[in-house]
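Coordinates in review
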Amino acid sequence: MKDDKSDTGEMHKRREKMADERRYIIYYTFETGEKSRTETADEEERKDV
Amino acid sequence: MKRSAKMSELRWNPLLGEWLATATHRQDRTFLPPAGFCPLCPTAPGGFPTEIPEATYDIVVFENRFPSLSPNPPEPAIASSDLYPVRPAQGECEVIVYTPDHNSTLANEPVNQIYKLVQVWTDRYRELSKLEFVKYVFIFENKGEAIGVTLNHPHGQIYAYPFVPPRVETELEQSRLYQQKTGRCLLCDLAAEEKRDGRRMVAENDSFVAYIPFFARYPYETHIAAKRHAQDLTQFSEREQKDLALILKQILVAFDKLFNVSFPYMMVLHQKPSDGGDYDFYHFHIEFYPPMRSATKLKYLAGSETGAGMFINDTLAEEKAAELRGHIKAFA
């Protein structure tokens, strides 16, 4: 089985303090994230099933 | 007793032998805010400052503003005793925002976005498990106002408990006893039996099976189990992560198609504890507890369920699985 992350790209994360200076927030980004987010469920669904 | 604006503590229930959290500050948490004031949306330029200052994001995790558990909890407001032990509510409560799209749901997100979420879940499980005070990382989602959600923006949560919670403890004990008796994994045998029988199967791919179990408590209670014997998310290959995303997508879309509504549910991930113990006998799985029993009726937890702990399911798992199976579609 081939394992690759070509569907999402490599995961990156950036941790920052939130505005209240007390809590943290972590932004997770993926190298090809924008492309995958624009896909719709309908586009993914196979027409033959 | 001290009074505090943020009273939060763990109180021991000697009758049931389990902890509960008091978190009085949660009474004031944001409740179904009007459009334009969702705290989980990206902050628009010049607009209402949400929890997330970035104009867009992929997936975001942050500490809950109204946590039941926190890394540096206040001292309990009431004294501990032999009969009533009390301890600080130490732990971590995180919010995972699935998408910037306020009107989406996990079911409506593409498989790739769910695959990203699986990767984020895995990272959070790994990171939170490293915290000395964390003994169990519990990933879950409450979806829909029927469940009692206070924010409709698609999101899940993580509670990192300072103990193994009782429902998981029961599963662990049953799995431990089964392995002692048979030498086998209970979840492996359950998944194999559901596949052999077939009547309660809902979906399957190379790495996971989904079924309504023989012992379902809710009409559409669905379990997703790993085919390979694994105890937590960190043990899955990339292929298995993708397969998990795929089967999640299939189940979520089928739920929505049952009654052509955005189907409410509780989704919980059951993994091994993070207390350093040996849990090789345990097995990763996901459980869904949807409250709908028909297009117009909800399953309520009433006297028998709440007071006696015995669930009464008004339906047959075999019939409900056939219904759900009829809505399973393939996704690329």
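Computed from a predicted structure; not experimentally measured.

**Regarding the overall build of chain B**
What chain B contains, in helices and strands, is six helices and twelve strands. Taking 332 residues into account, the globule formula puts the C-alpha radius of gyration at 20 Å, and chain B, at 20 Å, falls close to it. Principal axes of the C-alpha set define a box for chain B whose edges measure 60 × 55 × 40 Å. Buried positions account for 41% of the 332 residues belonging to chain B.

**Quick word on the sheet that holds strand 4 (residues 86-88) of chain B**
Residues and elements named next belong to chain B. Taken in spatial order, the three strands of this open sheet run 2-1-4, and their pairing is antiparallel. Among the strands making up the open sheet, the edge pair consists of strand 2 (18-23) and strand 4. For this sheet, the mean angle separating the axes of adjacent strands, direction not counted, is 30°. Pairing geometry for strand 1 (residues 8-13) and strand 4, over three bridges, is antiparallel. What sits directly across from Leu-10, in strand 4, is Arg-87.

**Some remarks on the confidence of the model for chain A**
Residue and element names in this part refer to chain A. Of all residues in chain A, 51% have pLDDT values of 70 or greater, and the mean over the chain is 67. Confidence drops under a pLDDT of 50 for residues 1-5, and excluding neighbours within four residues, the segment shows seven contacts in the predicted structure. Taken together, the stretch residues 33-49 has pLDDT below 50 and engages in 27 contacts with residues farther than four places along the chain or on a different chain.

**Re the sheet that holds strand 2 (residues 24-30) of chain A**
If you walk across this open sheet you meet the eleven strands as 1(A)-2(A)-3(B)-5(B)-7(B)-6(B)-11(B)-12(B)-10(B)-9(B)-8(B), and the pairing is antiparallel. This sheet does not close on itself; its edge strands, each paired only once, are strand 1 (11-17) of chain A together with strand 8 (201-204) of chain B. The sheet shows a mean angle of 20° between the axes of neighbouring strands, direction not considered. Where strand 10 (residues 222-226) of chain B meets strand 12 (residues 285-289) of chain B, four bridges bridge the pair, whose relative direction is antiparallel. What sits directly across from His-223 of chain B, in strand 12 of chain B, is Glu-287 of chain B. Here helix 3 (residues 186-197) of chain B sits on the sheet and contacts strand 8, strand 9 (208-211), strand 10 and strand 12 of chain B; the angle it forms with strand 9 of chain B, its principal contact strand, is near 70°.

**Overview of the pairing of strand 1 of chain A**
Residue and element names in this part refer to chain A. Where burial is concerned, little of strand 1 is hidden: zero out of the seven residues are buried. As judged from the seven bridges shared by strand 1 and strand 2, these two strands associate in the antiparallel manner. What sits directly across from Met-11, in strand 2, is Phe-30. Taken together, strand 1 and the strand that follows it, strand 2, pair antiparallel across an intervening segment of six residues, in which Glu-21 is found at a positive phi of about 60°.

**Details of the nonpolar core**
The biggest cluster of nonpolar side chains holds 78 residues, and the ones touching the most others in it are Val-137, Val-202, Ala-210, Ile-247 and Ile-251 of chain B. Ranked by residue count, the leading element in this core is helix 4 (residues 238-259) of chain B, at ten residues.

**Comments concerning the packing of helix 1 (residues 111-129) of chain B against helix 4 of chain B**
Residues and elements named next belong to chain B. Look at helix 1 against helix 4: their axes get within 8 Å of each other, and the N-to-C directions meet at 125°. Relative to helix 4, helix 1 is oriented oblique. Between helix 1 and helix 4 the crossing geometry is right-handed. Contacts from Val-111, Ile-114, Tyr-115, Val-118 and Gln-119 in helix 1 reach Gln-241, Lys-242, Leu-244, Ala-245, Leu-246, Leu-248 and Lys-249 in helix 4. Residue classes in the contact of helix 1 with helix 4 are distributed as eight nonpolar, two polar and two charged.

**Quick word on helix 3 of chain B**
Residue and element names in this part refer to chain B. Along its twelve residues, helix 3 runs 16 Å from first to last C-alpha, staying within 8% of the 16 Å computed at 1.5 Å per residue. Burial in helix 3 covers these residues: Leu-187, Leu-190, Ala-191 and Glu-194. The arc enclosing the buried residues of helix 3, seen along the axis, measures out at 95°, which places them on a common side. On its buried side, helix 3 packs onto helix 2 (166-182), strand 8, strand 9, strand 10 and strand 12. Directly after helix 3, the chain includes Gly-198, whose backbone phi takes a positive value near 85°.

**What to know about unusual backbone geometry**
Backbone geometry at Glu-21 of chain A places phi at a positive 60°, although glycine is not the residue there. Within the secondary structure, Glu-21 of chain A is located in the loop between strand 1 and strand 2. For Asn-260 of chain B, which is not a glycine, the phi torsion comes out positive at approximately 55°. Tracing the backbone through its elements, the reader meets Asn-260 of chain B in the loop between helix 4 and strand 11 (265-270). Owing to 8 C-beta atoms within 10 Å, Asn-260 of chain B belongs among the exposed residues under this scheme.

About the criteria used
- Residues numbered from 1 in each chain as written.
- Chains lettered and ligands numbered in written order.
- Predicted model: local features only at pLDDT ≥ 70, side-chain atom pairs only at ≥ 80, totals over all residues.
- Helix = DSSP H or I, 4+ residues; strand = E, 2+ residues; numbered from the N terminus.
- Rg over C-alpha atoms; globule rule 2.2 N^0.38 Å.
- Buried ≥ 20, exposed ≤ 12 C-beta atoms within 10 Å, placed from the backbone.
- Pairing = 2+ DSSP bridges.
- Axes fitted to C-alpha atoms, helices over the stretch in contact; angles between N-to-C directions.
- pLDDT = per-residue confidence, 0-100.
- Contact = placed C-beta atoms within 7 Å.
- Core = buried A, V, L, I, M, F, W, Y, C linked by C-beta atoms within 7 Å.
- Parallel < 35°, antiparallel > 145°, perpendicular 65-115°, else oblique.
- Left-handed = near helix turned anticlockwise from the far one by under 90°.
- Nonpolar A, V, L, I, M, F, W, Y, C, P; charged D, E, K, R; others polar.
- Expected span 1.5 Å × (residues − 1).
- Arc of directions from axis to C-beta.

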